[in-house]
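Descriptive analysis of the structure
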Amino acid sequence: MIPFLKQAAHVCPSQKQLDWYAMEMYAFVHFSPNTFTDLEWGDGTEPEAVFNPTRLDCDQWVEAIKSAGLKGMVLTAKHHDGFCLWPSKYTEHSVKNCPVPRDIVKEASLACKRGGIKFGIYLSPWDRNSKYYGTPEYNDYFCNQLTELLTQYGEIFYVWFDNACGEGPNGKKQQYDFPRYFALIHKYQPNALIFNDFGPDVRWCGNEAGIARHSEWAVVPAELCHYAQPQTAAGPMAEEGSLSYMYSTDQEIGSISNILYSKGLAFVPSEINMSIRPGWFWHEKEEPHSLQRLFNTYLTSAGANACLHLNIPPTREGLFDERDVRRLKEFGDLIRKEFGTPVKNHLKKVEGCPVTQPKYTLTFEKPVKDLKYVVIAEDIAQGQRVESFRITADFASGGQYALYQGTCIGNKRICPLQDPFAGQNPLINDSTPEIRQLTVHITAARDTVILKDIAVY
Ligand code: FUL
């Protein structure tokens, strides 16, 4: 059993997955006839004329995205209604037949380039407009469209596939040929990551509410991420069908109890996707979520071994709503404020601890009172290994106090010691004595622990 855990500890990310982790957050942009018809799912019968963004300005989107610290944008080039935001050769249901026939994919990709952020695409396989949908020809149609997007708009960092599969205009459902779609991406944009519920490069966290698992492992059973390449042999308990129940909405995916039964492990980190508003598309009556909700989501996404994919829907004018623009700026400002300057300390590894249970002390130059976060990072390039850890405080006046206990670390674990919105806190508050030193104790790991950083804010 133990050798298998060691194998699990050595399942490693690709370079593009490492680059993705470094982004931490990127934007989703949902824009289609739904914006004008006040729907979330158009049925594909909407006349092209309804799509009429009179003040479209993708530079305004990019500026707002950057103010939040998001490092890229993924545009819904085609949503379930089949309407294309670019003048595809293969359909009339696109911007080319709109009152203002502009190539929005092009404008968005160029705005990202000018603004120095990455550009990606969402292309919905479910197409409620195409007459081919539900027949083998549809996969050709889809590949033709995907090829247009992969070859005409510069570098694409991300291709986001939705698994939604409903009926098309002829009442039939479609068998999606994902391996064929993936092969096109590998051919034309080898550096692009592919998102799908089940991998290969990034997987879905299982909800659209911004809620991360308490243990968000990037090393997961190949049964779940069947589009990813397994990097290990089967676990010691694996039998045919052992994990057939497993689904992306399960609470436990990469924990030991699961991986022992898997037929092989793959590295597929999780994306937390949510919209800044209740809907994915813009609706006049909706308001952006509170700053508190967004910030907490940051802590439990980028701060919990995942990335945050935050949707901001343009209005009917083709601009981000001013309310969202303000919220994005507040969000970015708060992250910059909370994680701007680390508290100086002397970091030392305690001698003589087992390699899977190391201890680190962080001694402050002067005793401190107002600690807010401890941020721990594993060297994820060498695999995800830590199973559990605890943080304790040594008070200047003597005595010790348990501050935090956690499970996974991975790329980055933000351990909040206070709630920035709650004021007083049961762990650290006005009556907490001054802290002389923190101890970070890894209490279990799958193999030798390799941390990259421990920072205190
Ligand atoms: C879902 C879609 O059905 C929603 O409309 C939205 O695009 C979301 C990101 O993915 O599966």
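Structure first, text after, so check above.
Residues numbered from 1 in each chain as written. Predicted model: local features only at pLDDT ≥ 70, side-chain atom pairs only at ≥ 80, totals over all residues. Heavy atoms only, no water.

Right, let's talk about the side chain of Ser-109 for a bit. Tracing the backbone shows Ser-109 in helix 5 (residues 104-115). Ignoring sequence-local partners within four residues, the contact set of Ser-109 consists of Phe-119 and Tyr-153. (Helix = DSSP H or I, 4+ residues; strand = E, 2+ residues; numbered from the N terminus. Contact = heavy atoms within 4.5 Å.)

A few words now on the packing of helix 4 (residues 58-67) against helix 10 (residues 322-338). Across the interface, helix 4 lies against helix 10 with an axial gap of 7 Å and an inter-helix angle of 30 degrees. In this view, helix 4 runs roughly parallel relative to helix 10, as classed from their interaxial angle. Across the interface between the two elements, Gln-60, Ala-64, Ile-65, Lys-66 and Ser-67 from helix 4 touch Glu-322, Val-325, Leu-328, Lys-329, Gly-332 and Arg-336 from helix 10. (Axes fitted to C-alpha atoms, helices over the stretch in contact; angles between N-to-C directions. Parallel < 35°, antiparallel > 145°, perpendicular 65-115°, else oblique.)

Read across the open sheet, the three strands follow the order 16-13-18; overall the sheet is antiparallel. The two strands at the open ends of the sheet, each matched to only one other strand, are strand 16 (413-416) and strand 18 (451-456). The mean inter-strand angle of the sheet, taken between neighbouring strand axes irrespective of direction, is 15 degrees. In terms of strand pairing, strand 13 (residues 373-378) meets strand 16 through four bridges, oriented antiparallel. Paired with Tyr-373 across the bridge in strand 16 is Pro-416. (Pairing = 2+ DSSP bridges.)

A full pass over the atoms with the stated rule returns 44 aromatic pairs. Relative to Tyr-141, the ring of Tyr-138 has its centre 5.8 Å away and its plane inclined at 45 degrees; by these criteria the two rings are tilted. Of this pair, Tyr-138 and Tyr-141 both sit in helix 6 (residues 136-152), three residues apart, which is roughly one turn of the helix. Tyr-141 gets classed as buried once you look at its relative accessible area, which sits at 5%. Ring plane angle 65 degrees and centroid distance 5.7 Å describe the contact between Phe-161 and Phe-178, whose orientation is recorded as edge-to-face. Of the two residues, Phe-161 sits in the loop between strand 4 (158-160) and helix 7 (178-188) while Phe-178 sits in helix 7, which places them 17 residues apart along the sequence. This pair shows no difference in class: Phe-161 is buried, exactly as Phe-178 is. Joined through ring pairs, the aromatic side chains of Tyr-132, Tyr-133, Tyr-138, Tyr-141, Phe-142, Phe-161, Tyr-176, Phe-178, Tyr-181, Phe-182 and Tyr-227 make up one cluster. Lying across the ring of Trp-217, Arg-446 places its NZ or CZ 3.6 Å from the centre. (Phe/Tyr/Trp six-rings, centres within 6.5 Å; stacked < 30°, edge-to-face > 60°. Buried < 20%, exposed > 50% of the residue type's maximum accessible area, 1.4 Å probe, protein only. Lys NZ or Arg CZ within 6 Å of the ring centre and 35° of its normal.)

For the rest of this paragraph, the subject is the side chain of Thr-315. Along the polypeptide, Thr-315 turns up in the loop between strand 10 (306-311) and helix 10. The class of Thr-315 is buried, set by a relative accessible area of 8%. Not counting residues within four places of it along the chain, the set of residues in contact with Thr-315 comprises Phe-31, Thr-35, Trp-282, Phe-320 and Asp-321.

Take unusual backbone geometry next. Note the cis peptide between Gly-199 and Pro-200, where omega equals 20 degrees. Inspection of the secondary structure puts Pro-200 in the loop between strand 5 (193-195) and strand 6 (203-204). Located in the positive-phi region is Glu-24, a residue other than glycine, with phi close to 65 degrees. By the secondary structure assignment, Glu-24 is in the loop between helix 2 (15-23) and strand 1 (25-29). We classify Glu-24 as buried; its relative accessible area is 17%. Positive phi outside glycine occurs at Asp-38, with the angle close to 65 degrees. With respect to the secondary-structure elements, Asp-38 resides in the loop between helix 3 (34-37) and helix 4.

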